[in-house]
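What follows is each chain in one-letter form.
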Amino acid sequence: MELESERLERRQLESLSTPELIRHAIEEARLLARAEVLHAKKELKDELKAARTAGILLGAGGVLGLVALTALFVTVGLALPLAPWLGVLLVGVFLLVLAGSLAFVGVKRLPKQPLPHTQERLKTDITRTRETLQ
């Protein structure tokens, strides 16, 4: 009897010998493990892509934040003569707002829970296995 990847009905399972049942159970466990690994790989790849984008945005926000602080410090230095400081101040404030916006978007794109679909499938598999064995 072929036990590779076919699903057996209850009557078919009851007619199998113990060694055949064990082989069938082991094959089913292998298939389940392979499927879970494939799902986890895909989910991890998607999360890494999202984390990469979030990292780029956070990095850009950090760099612009440093540039904004530099511009604000230049503003303090140029504030003494009183003429050119206003332009430098406006540029500094604009860069600071832009840096804050990029950092906010970057933080929002960070993954909240690692591999949520895989965790849910594993919980479901464990529950089904317990129900089947009882």
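Residues numbered from 1 in each chain as written. Predicted model: local features only at pLDDT ≥ 70, side-chain atom pairs only at ≥ 80, totals over all residues. Heavy atoms only, no water.

A. Representation of the overall build of the chain within the structure. For the chain, the count of helices and strands is four helices and zero strands. Written out in order from the N terminus, the α and β elements of the chain read α-α-α-α. Buried positions account for 16% of the 134 residues belonging to the chain. A separation threshold of at least 6 residues defines the contact pool for the chain, and within that pool the share at least 24 residues apart is 66%. (Helix = DSSP H or I, 4+ residues; strand = E, 2+ residues; numbered from the N terminus. Buried < 20%, exposed > 50% of the residue type's maximum accessible area, 1.4 Å probe, protein only. Contact = heavy atoms within 4.5 Å.)

B. Molecular detail of the pattern of salt bridges. For the structure on display, the rule yields three salt bridges. When the shortest N-O distance is used, the salt bridge between E27 and R30 registers 3.9 Å. In this pair, E27 and R30 both sit in helix α2 (residues 18-78), three residues apart, roughly one turn of the helix. The partner of E36 in a salt bridge is R121, with the nearest N and O atoms 3.5 Å apart. Pair noted here: E36 is in helix α2 and R121 is in helix α4 (residues 116-133), with a separation of 85 residues, a long-range link. The buried category is assigned to E36, whose relative accessible area is 10%. (Salt bridge = Lys/Arg side-chain N within 4 Å of Asp/Glu carboxyl O.)

C. Inspection of a positive patch on the surface at higher detail. A cluster of like positive charges, contributed by K41, K45, K49 and R52, occupies part of the molecular surface. Within the fold, K45 resides in helix α2. (Patch = residues over 30% accessible without salt bridge, like charges linked within 9 Å, V, L, I, M, F, W, Y side chains within 5 Å. Areas by Shrake-Rupley, 256 points an atom, 1.4 Å probe, with all protein chains shown as cover. Lys, Arg positive; Asp, Glu negative; His and termini not counted. Charge placed at Lys NZ, Arg CZ, Asp CG, Glu CD.)

D. Fine view of the environment of L48. Within the secondary structure, L48 is located in helix α2. Overall, L48 belongs to the exposed group, its relative accessible area being 55%. Considered as a pair, L48 and P111 are 63 residues apart in the sequence and their alpha carbons are 8.9 Å apart.

E. Examining helix α3 (residues 85-108) more closely. The end-to-end C-alpha distance of α3, which contains 24 residues, comes to 35 Å, matching closely the 34 Å that a straight helix rising 1.5 Å per residue would cover. Looking only at α3, the buried set comprises G92, L95, A99 and G106. (Expected span 1.5 Å × (residues − 1).)

F. Main features of the confidence of the model for the chain. Overall, the predicted model of the chain reaches an average pLDDT of 81, with 88% of residues at or above 70. Taken element by element, the chain is modelled with least confidence in helix α1 (residues 10-15), mean pLDDT 77, and with most confidence in α2, mean pLDDT 86. Segment residues 1-5 is flagged for pLDDT under 50; beyond a separation of four residues in sequence, or across chains, it makes ten contacts in the model. (pLDDT = per-residue confidence, 0-100.)

G. Quick peek at a nonpolar patch on the surface. On the surface, L58, V107 and L110 cluster together into a nonpolar patch covering about 210 Å² of accessible area. Tracing the chain through its elements places L110 in the loop between α3 and α4.

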